[in-house]
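Residue strings, one per chain:
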Amino acid sequence: TPMGYHAPMMAPAPAPLHPADHMNLMAAYNELAKSHTHLLMQHSDLITSQVAQGSPAVAAARLKAANSAAAAPAAPAGPSTDPNVPTSNHHVGEAPVDPNLMDNTLLFLPERAVVELGIVPNMDDKGDDHKELWFGRVWELRSLLAAKYKHKLAAMGKTEAPDLTTTERAMLEQKFNNPEHKAKLIKMQARWKAAALRSKQSLRLLERLKFCNLRGTLVYAHGSGGCSWDNMRICRMIARLGCLVVAPDGFAYPKNTAMGELRHKDTLPLHKEGDNIDYWEGDLIYCSDATGSSNYSTKAESVLESPTKYCDLYERCYQLRRSELHFTIRNLPQFIKTRGFFLGGTSEGGMTIARFDDQRYGEQVCGRFINSFSCEYNYFCPTPQAGELGGQTDVPTLNIIGTKDQYFGPEDSVAKIVALDKKSGYGNRNMVGHGYNTFVKQGVESGLVVLLEDGVHSPCNTHDNFLRQLFDIFFARPGSIWELDAIWDSDPCMKDVLQVRQSSVAKAVHANVVQCFVPLSKFPNSWSLRQVDAMSMLSDAKADKLMAEQMAKEAKELAVEHKKAATMLDGIRKQSAAAGGIKVERKANSVYDNDKLASTNLLAKKQTVNR
């Protein structure tokens, strides 16, 4: 061209297609369209089947195939030396003869941690079609890792501790005959034993998770019955979110020890990969009832039998639980302390987290959640001060409680009955059954109080799917948890889930606290979020019928729970002092008062030194 540009070369025109070839191509296209339509119909049937049965038949077959080897009577011969082959849970060793708190601490490992440690998962979550998570005790995980290490050494023709030769024994005896050398060897031996003991009482084995990109770490405090029922469900769902859960178990001490005499339950062995770990199973941790002097059950026939005794008992339990928390946090790996961790608890564990003084850990605490406890002065707290948050008020705090919680709830509960008894009751007589007033009074910088409609002391029975969505936001954006309504406002499926009832944000107070009400879901609580999402996009008469049947079944079960709670509360009312029952006698001081007094005096001394 005149300007020096070259016109692009045109591709040659394709050769004309033969009529016979054209007919063959059209026939193939029609066959492909029919196959595509057939696949769409199969996909629709699959979703309907998933809604109806909880998991598709194909997934069930895959699960059965995956667990067939583990279900065989004989355990595998030994762990594989191949680092890509995970270690089976059949290779767990014998329990420690004298286990400590750390040995029996429960771990709930997310999928990334399971892959990193090279162990076979033994737990799924609600709605999963195969297992990706793992749960067990620290000593069990340590045993599995040690089994793989020993097997690898054996495959290499090595042993951990080869026997000494005759010459080496003679040389060692000669050194021991020298008093100076003997003293040094004994000192070195003592140092080695001390290091081994410290290692056993730590969570050093979790250092291997430093680079597997955990979403976070939760230190969890279980309720007064141990880490079963809703406690395990909550740990399970949080592990599914990608978080490591560390839960000290106050019931797993040996029965013949001093701690075991306070609280004890016989524990189940490590669950294998082929075991049925149903999400709604009540107890997958223990195999006996609780025993011990610090064991209790808040029922009509026991609470008012000896009120002073139970008040002191609750206080002793708190002292025990807070000591467990301090011990566990102190022994966390350094990378977890650096990245920060969350605190959480349910019922008695919720009370422990609420009162726990976490100020010494500063910025290490990323957030806390308090489930099934009202965060106010009630029969679980010896003094009004004990009904307030004991830790930092700048830590994001989440309070979850059902409107029909039979122990601490806002409508009718043990706490209200005891507080309103003018003759002998104690607790805040103006209690509201949740922590909103407490959080505002203390100036919590980021707080959310969630009231669950018709929720009882076990909120997973009514709001399991909501809790999953709530924790998903809390572990991702804890500092913004008080803005949850605004966060979900852009999601058409979530913006109507919350109803804001109270807020301190626009008031002249130094607190960002919001109280929300969460109605019952219009979908069955037993369904997974995947099933709920699939159902929300379907309009199928058969699926609608199945949903209505499941909703009716769950409503009937909830009515039974409400009736059981009402019967218990009526029994407590009849035995209260106002009805002529036993009068409560309170002590002037408690261990908690002395502990706080010591902390106050220590703080005053530090301030004096600084001045």
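Residues numbered from 1 in each chain as written. Predicted model: local features only at pLDDT ≥ 70, side-chain atom pairs only at ≥ 80, totals over all residues. Heavy atoms only, no water.

1. Things to note about the packing of helix 7 (residues 230-240) against helix 15 (residues 460-476)
Our working definition: The axes are straight lines fitted to the C-alpha atoms, using for helices just the contacting stretch, and the angles between their N-to-C directions are given from 0 to 180°. Numbering goes from the N terminus for both helices and strands, where a helix is a DSSP run of H or I of at least four residues and a strand is a run of E of at least two. With the far helix as reference, a near helix turned anticlockwise by less than a right angle produces a left-handed crossing, and one turned clockwise produces a right-handed crossing. Contacts: residue pairs with any heavy atoms within 4.5 Å of one another. Ten residue types, Ala, Val, Leu, Ile, Met, Phe, Trp, Tyr, Cys and Pro, are classed as nonpolar, four, Asp, Glu, Lys and Arg, as charged, and the remainder, Gly among them, as polar.
Packing of helix 7 against helix 15 brings their axes to within 10 Å, and their N-to-C directions diverge by 40°. For helix 7 against helix 15, the interelement crossing comes out right-handed. Here Asp230, Arg233, Ile234, Met237 and Ile238 of helix 7 come into contact with helix 15, specifically with Cys460, Asn461, Asp464, Leu467, Arg468, Phe471 and Phe475. In the contact of helix 7 with helix 15, the residues fall into seven nonpolar, one polar and four charged.

2. Looking at the sheet that holds strand 3 (residues 216-221)
Just so we agree on the cut-off: Between any two strands, pairing holds if DSSP finds at least two bridges.
If you walk across this open sheet you meet the ten strands as 2-1-4-3-5-6-7-8-10-9, and the pairing is mixed. In this open sheet, the two strands that pair with only one neighbour each are strand 2 (134-137) and strand 9 (499-503). Neighbour-to-neighbour, the strand axes of the sheet open up by a mean angle of 20°, direction not taken into account. Pairing geometry for strand 1 (residues 106-109) and strand 2, over four bridges, is antiparallel. Its bridge partner being in strand 2, leucine 109 is matched across the sheet by tryptophan 134. On the sheet, helix 4 (residues 138-155) packs against strand 1 and strand 2 and is oriented at approximately 105° with respect to strand 2.

3. Thoughts on the pairing of strand 7 (residues 397-402)
The condition that has to hold: Relative accessibility decides the category of a residue: with a 1.4 Å probe and only protein chains considered, values under 20% of the type maximum give buried, values over 50% give exposed, and everything between is partly exposed.
Of all six residues that make up strand 7, six are buried, and the element is covered over most of its length. On strand 7, burial covers both faces: Thr397, Asn399 and Ile401 on one face and Leu398, Ile400 and Gly402 on the other are all buried. Sheet topology note: the strand 6 (residues 365-371)/strand 7 ladder contains four bridges and is parallel. For phenylalanine 369, the partnering residue across the bridge sits in strand 7 and is leucine 398. As judged from the six bridges shared by strand 7 and strand 8 (residues 447-452), these two strands associate in the parallel manner. Note that in strand 8 the partner of asparagine 399 across the bridge is valine 449.

4. Some points on the pattern of salt bridges
It is possible for side chains bearing opposite charge to pair when their charged atoms get close. What counts, and what does not: Salt bridge, as applied in this entry: a Lys or Arg side-chain nitrogen positioned within 4 Å of an Asp or Glu carboxyl oxygen.
Inspection of every chain in the model, using the stated rule, returns 21 salt bridges. A salt bridge links arginine 236 to aspartate 124, with the shortest nitrogen-to-oxygen separation between them at 3.0 Å. Of this pair, arginine 236 sits in helix 7 while aspartate 124 sits in the loop between helix 3 (111-117) and strand 2, placing them 112 residues apart in sequence. Overall, the relative accessible area of 12% leaves aspartate 124 in the buried class. For aspartate 125, the salt bridge is made with arginine 468, and the minimal N-O distance between the two is 2.5 Å. Residue aspartate 125 is located in the loop between helix 3 and strand 2, and its partner arginine 468 is located in helix 15; the two are separated by 343 residues in the primary sequence. Side by side, aspartate 125 and arginine 468 carry an identical accessibility label, which is buried.

5. Focus: the side chain of arginine 263
Keep this limit in mind: In protein, a polar contact requires one atom able to donate a hydrogen and another able to accept it; more generally it is a pair of N or O atoms within 3.5 Å, and residues adjacent in sequence count only if both atoms are side-chain atoms.
Relative to the assigned elements, arginine 263 resides in the loop between helix 8 (258-262) and helix 9 (300-303). Polar contacts involving the side chain of arginine 263 include one to the main-chain carbonyl oxygen of serine 294, which spans 3.0 Å. At a separation of 2.6 Å, a polar atom in the side chain of arginine 263 contacts the side chain of glutamate 348. Discounting residues that sit within four places of it in the chain, arginine 263 has contacts with Ser224, Gly250, Phe251, Thr291, Gly292, Ser294, Asn295, Tyr296, Cys317, Arg321 and Glu348.

6. Some details on the confidence of the model for the protein chain
Under the convention used in this document: Per-residue confidence from the prediction method is given by pLDDT, with values spanning 0 to 100.
On average, the protein chain scores 84 in pLDDT, and the residues at 70 or more come to 79%. Every residue in residues 1-11 scores below 50 in pLDDT, and together they form zero contacts with partners more than four places removed in sequence or on other chains. Segment residues 50-73 is flagged for pLDDT under 50; beyond a separation of four residues in sequence, or across chains, it makes 23 contacts in the model.

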